[in-house]
Amino acid sequence: MTAPTTAGPFGALREQLTAAAGAFAGSSGAVSEILAGMVDDVDRALGEELEIFPVCHHSPASALAMVRRLRAKQPKVIYLELCEDLQPLLDELRNCRLPVAVQAFASELDGFPADWGPLSVVAPITEASAEYQAVAYALETPGVELVLVDRSTDHVFQWSPRRPADDADAAPAGGDVEAAAPAGEEAALHGDAVGVEIGDLRPRFAELEAYLLHHGKVRHWSEWWDQYVEQPLADADHDTYRQVMVLIGSLFRRLRPAGSDRQDRDEDRERYMWTRMRQHLAASGADPADCLYVCGAFHAASRVEQFGLRADAPFEITPRTGTRWHYGLIPSSHSAIEAQFGLAPGSVSIAAATWTKAVARTGLSPFRLEGQRGGRTRTGGRRRAAPTPVPAAPVADRLSGYLAQPPAAQGLDEAELRGWCVDIVRLARRNGYLASTADAIAVFETSILLAGLRNRARPTPYDFADAAVTCIEKDVVPGRRDVRRLCEILFGGDRVGQVGYEALPPLARDVHDRLAPLGLDLEKRTIQRALVDLRASPELVPCSDLLWRLRHLLPRDAVRPIMGERRLGHRSIQESWDLALGRSQRALIELGYEGVTVEQVLEQRLRRAVRGPDATASVALEAVEDAIRLLDSPRLVDELGARAVELLAAERTVDDAPEVLRRIRRLLAHHRATGPLPAWCEAFVTTGYAHYCTLLPTAFLDEESGVRQVGAMLGFLFGMESLALSLGCDRSQLELAVAQSHPEAPAKVALLWAARHQLGLLALAELRERCAALLANPLVVPAFPQYLSGFVQALEPVPGLAPFVVEVMSSAFARLPDPVLLPWLPTLITTLREHGAELVPLLVREAGRTFPGSLPALDAWVPPWSRPASPPAPAVPAVASGPVAGLLSGHPEAVDAVAALLGCDGGWREEDATASAAPPELTALLSAHPETADAVAALLAGQPS
């Protein structure tokens, strides 16, 4: 940078500011350097051969100045500070209703860290912005070229720091509470996208902002800007506007902390833009006098060495990465813009109202894209001829006069203020407030009082909102909206944009076309009810299929079923849907970045789900279910099922065993009902049988494996045992796994006992004796509830134990002391609710069969397990009779030899004639019906009956 001089149109102002700095600061050091540097920045920007037009985004003053300058200069080339790869989207703005945002989106990253994805960049556009006026002028005026010169979206993330941002750059300046993003769905229309700040003028120096807010008697930066910049510059001439905006941009630039990552990126952006402009001028041969460079005031005061058309400092633009970017338009809203850029709630709505009022007051005819949806369309009258371009005048000092005198005070517009007061009372009454004419009068007087206390000649919308809150809002908000929100609605509301059908991606248009038979206007933002009778109107079956797929892909509130369901093997014949696709346009548009049809996107997502780093067997089985329910593609189902087998074999934990068991049972039941089992199901059962047998001993010992997980493993092994054995598995695997299991936790010990009982290794009588011994041991009694929890979980693999579990639970309730039982009961209830909800009905049914059904019967009821066992009848040794007995008794030598070989002593017993006699009932039956006995005898003799 060259040293400041006193030459040029701003020499007198520079000397005046330097003298003022010396007088007020006591020295001519840093303060004079800042003030003189600001004047130098203005001199440098205005002396550039290429006209620089500084703007502030969503600023009505900038938009008004832009309209005036475009009509006066009529440039042939407009360079706009916006990502250069977004240019093809701008022509689609004519098919949308503003505000909307141009977006670049990438989900598959190449060259960026994987945890950054998905990447998204949005640049919101409103009608009350200078950028939209420039775009509308360039696209609607023949022979005008619009060139976007800012870095590409790929470079936005290339230049992003790979470490967490500094606190000074990450946190909003000033830390004002009211700068927080408003809650609600409209504030989230941009999601977590990176905002392209076109002309952002928020100071990064927190102390300056706090000073300005304190002395300006305002609460937020947006209010300060409206009071001290917007209103004074609304009617300023072009030279004054440019000089003031560059001066403000230079001030904030010089007060930013040096060496921050944000400042380095901004300077690289300026180098990038000036390099692109010089390249375009060299390639096109355009005259710089016919060009206009539209950028933020911060960048207009740039001091990089590449600044200006005559600069020759090189700047290398790095190539883009291999990331594939998708581009489109998404709906935006005033609250989304405020949330993304840290503006005060309602400030964008107030700016839109100010723009409309200023256009009506000044008589300007703003530029508008032909066919633009929404807003006012000009009808009637003849198009006025374009004015003759005004040649550029020499730069003159307008800053001195502007800074030396206060802006012209606007008088109180009582009619406007009265209208505000009447309208806010009307809105308040509609929303449940007990407001009256007295409140309207109070708001009127309080607005004037607050404006006077804040040194304002007339109340601003912010003063009016404060007065309305003070006078109308009481202790409780009766409805969904408070008074401040009602004021925002009064000043234009949270206007929400919409992307037209022609500007939607192919997938979104396909969705609208395929849902057309429903007869609904899907572009509306209201929730619409769709009634689908598939039996009476079979032509609506494709619509139903598409709705279920969208239900899986879109947010839950976009497509919501009210009646009907779609599960394995079941389809409802009547369905009812609540559709809000108009509200979820952003999600539907971003879905279009992933494919051409909904079916393609769904198939890709299912494949990604089973191939991702966090994929598990349960995730793969869920994907198989979704593929069967939503897509008629056996090939995809087999592919996902084979992947589920691979994931199950690779798992080393059993955390997902309950989910795996639940899903594979459902899938097996579905395939058995619809046809033969596919190969992947058989492979999953055999693999799971061997896999869980291998992990079972470790899971019994591992403290991190819960009782529910081990119970689910046993449920898989016992429930799938017959199928697994028929497919070639060996039961000895399970027996060895149970024999090698030696758990220590009481709940798992109970599970092991249940498993041994199921295998026939532990009789029920012995199991009952072990539980009785536990209850009889005072050292084990405090831990008995844990054994009981294990038995409850054992109902999953061994449902036949339900009577025994009811018996054990009843015995525990009868015998456990209160200090043990009472603290355990809440734990048992919560455990059953969370981990065994499906087991509770089984216990309840068994208890209903066991216990009496009435209170009188309960008094005399004796539990089955408490009844004395009847003594067994004495065994009467019976002597065998028949041909075999006769043969052996007739030839006893062989039997005697075998008995001697085995060392058995004893002789032959004579046959009792009465022992071999048949029971009289049987004899009577055979005598009464001899046909059966004759037929059997004839069959044994080989004779026909």
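So, here is what we can say about the structure in this document. Values in this document were obtained by computation on a predicted structure and should not be read as measured data.

1. Notes on the sheet that holds strand β8 (residues 291-296)
Across the sheet, 4 strands lie side by side as β1-β8-β2-β6; this open sheet has parallel pairing. Looking along the sheet, the strands with just one partner apiece sit at the ends: β1 (51-55) and β6 (145-150). Strand-to-strand, the axes of this sheet are offset by a mean angle of 30°, without reference to chain direction. In the sheet, strand β2 (residues 77-83) pairs with β6 via 5 bridges, with the strands oriented parallel. Note on β6: the bridge partner recorded for Val 77 is Glu 145.

2. Details of a negative patch on the surface
A surface patch of like charges, here negative, comprises Asp 655, Asp 702, Glu 703, Glu 704 and Glu 744. Counting through the fold element by element, Glu 704 comes out in the loop between α26 (679-701) and α27 (707-719).

3. Overview of the environment of Glu 846
Summarising the element assignment, Glu 846 is placed in helix α35 (residues 840-850). Between the alpha carbons of Glu 846 and Pro 803 there is a distance of 6.2 Å; along the sequence they are 43 residues apart. Setting aside residues up to four positions removed in sequence, Glu 846 forms contacts with Ala 802, Pro 803 and Val 806. Among the polar contacts made by the side chain of Glu 846, one reaches the side chain of Arg 849 at a distance of 2.4 Å.

4. Concerning helix α25 (residues 657-674)
Along its 18 residues, α25 runs 26 Å from first to last C-alpha, staying within 8% of the 26 Å computed at 1.5 Å per residue. Of the positions making up α25, those classed as buried are Ala 657, Pro 658, Val 660, Leu 661, Arg 663, Ile 664, Leu 667, Leu 668, His 670 and His 671. Residues of α25 that are buried in the fold lie against α23 (617-630), α26, α27 and α28 (721-726).

5. Some remarks on the packing of aromatic side chains
All told, the structure shown has 17 aromatic pairs when counted by the stated rule. Aromatic rings pair up to connect Trp 753, Phe 784, Tyr 787, Phe 791 and Phe 804 into one cluster. The lysine or arginine in question, Arg 71, covers the ring of Phe 367, its NZ or CZ lying 4.2 Å from the ring centre.

6. Some words on the packing of helix α20 (residues 541-553) against helix α22 (residues 598-611)
Viewed as axis vectors pointing N to C, α20 and α22 meet at an angle of 45°, and their least axial separation amounts to 10 Å. As judged from the angle between their axes, α20 and α22 are oblique. As for how α20 packs across α22, the hand of that crossing is left-handed. Listed contacts from α22 to Leu 546, Arg 549, Leu 550, His 552 and Leu 553 of α20 are Val 598, Glu 599, Val 601, Leu 602, Arg 605 and Leu 606. A class-by-class count of the residues in the contact of α20 with α22 yields 7 nonpolar, 1 polar and 3 charged.

7. So, the environment of Val 707
Structurally, Val 707 is set in helix α27. Exposure remark for Val 707: the relative accessible area of 22% places this residue in the partly exposed category. Considering only alpha carbons, one finds Val 707 and Ala 750, 43 residues apart in sequence, at a separation of 9.8 Å. When neighbours within four sequence positions are excluded, Val 707 is seen to be in contact with Ala 747, Lys 748, Leu 751, Gly 790 and Gln 793.

8. Some remarks on the packing of helix α30 (residues 746-758) against helix α32 (residues 784-793)
In a pair of packed helices, the angle between the axes and the distance between the axes together describe the arrangement. Two numbers describe how α30 lies on α32: the axes approach to 7 Å, and their chain directions differ by 45°. Here α30 is positioned oblique relative to α32, judged by the angle of their axes. When the axes of α30 and α32 are compared, the crossing they make is right-handed. When α30 is examined against α32, the residues Pro 746, Ala 747, Val 749, Ala 750, Leu 751 and Trp 753 are found in contact with a partner set consisting of Gln 786, Tyr 787, Gly 790, Phe 791 and Gln 793. Residues that form the contact of α30 with α32 fall into these classes: 8 nonpolar, 3 polar and no charged.

9. Observations concerning unusual backbone geometry
Note: most residues except glycine have negative phi, and most peptide bonds are trans. Residues Leu 98 and Pro 99 are joined by a peptide bond in cis, for which omega reads 5°. Within the secondary structure, Pro 99 is located in the loop between β3 (96-97) and β4 (100-106). Positive phi, close to 55°, is recorded for His 58, a residue that is not glycine. By secondary structure assignment, the location of His 58 is in the loop between β1 and α3 (60-73). Its identity is not glycine, yet Gln 74 carries a phi of approximately 50°, on the positive side. For Gln 74, the position within the fold is in the loop between α3 and β2.

The rules behind the values
- Residues numbered from 1 in each chain as written.
- Predicted model: local features only at pLDDT ≥ 70, side-chain atom pairs only at ≥ 80, totals over all residues.
- Heavy atoms only, no water.
- Pairing = 2+ DSSP bridges.
- Helix = DSSP H or I, 4+ residues; strand = E, 2+ residues; numbered from the N terminus.
- Axes fitted to C-alpha atoms, helices over the stretch in contact; angles between N-to-C directions.
- Patch = residues over 30% accessible without salt bridge, like charges linked within 9 Å, V, L, I, M, F, W, Y side chains within 5 Å.
- Areas by Shrake-Rupley, 256 points an atom, 1.4 Å probe, with all protein chains shown as cover.
- Salt bridge = Lys/Arg side-chain N within 4 Å of Asp/Glu carboxyl O.
- Lys, Arg positive; Asp, Glu negative; His and termini not counted.
- Charge placed at Lys NZ, Arg CZ, Asp CG, Glu CD.
- Contact = heavy atoms within 4.5 Å.
- Polar contact = N/O pair within 3.5 Å; in protein donor to acceptor, adjacent residues only side chain to side chain.
- Expected span 1.5 Å × (residues − 1).
- Buried < 20%, exposed > 50% of the residue type's maximum accessible area, 1.4 Å probe, protein only.
- Phe/Tyr/Trp six-rings, centres within 6.5 Å; stacked < 30°, edge-to-face > 60°.
- Lys NZ or Arg CZ within 6 Å of the ring centre and 35° of its normal.
- Parallel < 35°, antiparallel > 145°, perpendicular 65-115°, else oblique.
- Left-handed = near helix turned anticlockwise from the far one by under 90°.
- Nonpolar A, V, L, I, M, F, W, Y, C, P; charged D, E, K, R; others polar.

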